[in-house]
Amino acid sequence: MNYLNPTREAFDFFKSLPRDTPINMLNLLRYRERAEYPEGHPNAAKGWSGRQAYAEYGKTSGPIFSRVGGTIIWRGTWEAMVTGPDDKHWEDAFVAAYPNAGAFLEMITDPEYQKAVVNRSAAVLDSRLIRFAPGKSGGSFG
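Residues numbered from 1 in each chain as written. Predicted model: local features only at pLDDT ≥ 70, side-chain atom pairs only at ≥ 80, totals over all residues. Heavy atoms only, no water.

1. Describing the packing of aromatic side chains
This is how it is decided: Stacked, tilted and edge-to-face are the three classes applied to pairs of Phe, Tyr and Trp rings, where Trp contributes its six-membered ring and a pair requires centres within 6.5 Å; stacked means planes under 30 degrees apart, edge-to-face means over 60, and tilted covers the rest. A helix here means a DSSP run of H or I that spans at least four residues, while a strand means a run of E at least two residues long, and both kinds are numbered starting from the N terminus. Between buried and exposed lies partly exposed: a residue is buried under 20% and exposed over 50% of the maximum accessible area for its type, with that area taken using a 1.4 Å probe on protein chains only. For a Lys NZ or an Arg CZ to count as sitting over a ring, it must be within 6 Å of the ring centre and within 35 degrees of the ring normal.
Summed over the entire model, instances satisfying the criterion amount to eight aromatic pairs. For the ring pair phenylalanine 11 and phenylalanine 14, a centre distance of 6.1 Å and an interplane angle of 5° mean the geometry is stacked. Residue phenylalanine 11 and its partner phenylalanine 14 are both found in helix H1 (residues 8-16); the two are separated by three residues, about one turn of the helix. Residue phenylalanine 11 is classed as buried on the basis of its relative accessible area, which comes to 19%. Between the aromatic rings of tyrosine 57 and tyrosine 113, the centroid separation amounts to 6.0 Å while the plane-to-plane angle is 75°, which identifies the pairing as edge-to-face. Of this pair, tyrosine 57 sits in helix H2 (residues 50-67) while tyrosine 113 sits in helix H4 (residues 111-123); the two residues are 56 residues apart in sequence, bridging distant segments of the chain. The residues tyrosine 57 and tyrosine 113 share a single accessibility class, namely buried. The residue whose ring lies beneath arginine 75 is phenylalanine 94, and the NZ or CZ to ring-centre distance is 5.7 Å. The residue whose ring lies beneath arginine 131 is phenylalanine 14, and the NZ or CZ to ring-centre distance is 4.9 Å.

2. Considering the packing of helix H3 (residues 101-109) against H4
Think of two packed helices as two axes; the pair is described by the angle between the axes and how far apart they sit. Definition in use: For helices, the axis comes from a line fit to the C-alpha atoms of the stretch in contact; other axes are also lines fit to C-alpha atoms, and the angle between any two N-to-C directions lies between 0 and 180 degrees. Note on terminology: angles under 35 degrees are roughly parallel, angles over 145 are roughly antiparallel, angles of 65 to 115 are roughly perpendicular, and the others are oblique. In what follows, a contact means two residues having at least one pair of non-hydrogen atoms within 4.5 Å. Any residue that is not Ala, Val, Leu, Ile, Met, Phe, Trp, Tyr, Cys, Pro, Asp, Glu, Lys or Arg is counted as polar, Gly included; the first ten are nonpolar and the last four charged.
Axis separation between H3 and H4 bottoms out at 5 Å; the angle between their running directions is 70°. One element, H3, and the other, H4, form an angle in the roughly perpendicular class. Each of Met107, Ile108 and Thr109 in H3 lies in contact with H4, whose residues at this interface are Pro111, Tyr113 and Gln114. Classifying every residue of the contact of H3 with H4 gives four nonpolar, two polar and no charged.

3. Section: the environment of asparagine 2
Position of asparagine 2 among the secondary structure elements: in the segment before H1. In this structure asparagine 2 touches Arg30, Lys88, Leu125 and Asp126, once residues within four positions along its chain are discounted.

4. So, the sheet that holds strand E3 (residues 92-98)
We count it as follows: If DSSP finds at least two bridges between two strands, the strands pair.
Reading across from one edge, E2-E3-E1-E4 is the order of the four strands in this open sheet, with antiparallel pairing throughout. Every other strand in the sheet has two partners, leaving strand E2 (71-77) and strand E4 (124-132) as the edge strands with one partner each. When strand polarity is set aside, the average angle formed by the axes of neighbouring strands in this sheet is 15°. With six bridges connecting them, E2 and E3 associate as antiparallel partners.

5. So, the pattern of salt bridges
Side chains that differ in charge, positive against negative, can pair when their charged atoms come close. How we decide: Whenever Lys or Arg places a side-chain nitrogen within 4 Å of a carboxyl oxygen from Asp or Glu, that contact is recorded as a salt bridge.
The full count for this structure, using the stated rule, is ten salt bridges. With a closest N to O distance of 2.6 Å, arginine 51 and aspartate 92 form a salt bridge. Here arginine 51 is found in helix H2, whereas its partner aspartate 92 is found in strand E3, with 41 residues between them in sequence. Classification of arginine 51 as partly exposed rests on a relative accessible area of 43%. Residue aspartate 92 is classed as buried on the basis of its relative accessible area of 15%. Between aspartate 110 and arginine 67 there is a salt bridge, and its shortest N-O distance comes to 2.5 Å.

If you want it as structure tokens, here you go:
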């Protein structure tokens, strides 16, 4: 099963968590071979790969992400599944940090973001978006 958007239940739970504390959002992405835009969308005829459509999403949503105080604190590219199902792989992964959950909600409800997110929908075959409370970095496991 592939996931692109949260279920109503998952999103309602997200909204029930504190909105005034910093959050980190782990993003795991697998792209479509060819982007799938809605018929009539200006980018539909461009023949973009999913990765190209996601780059357009980054370009068009980036100013909103920055305006709400978002920043990428870690980015990586898939190499191997060490622990987990062999049939799952992620082409890209990153952690986006927000000053608070309210900033994330402000971003996704922004009218310009709503226009930009069509690029994400066209690009992504499967994804995971996981909220974490930031923890202490550095040191060892303990």
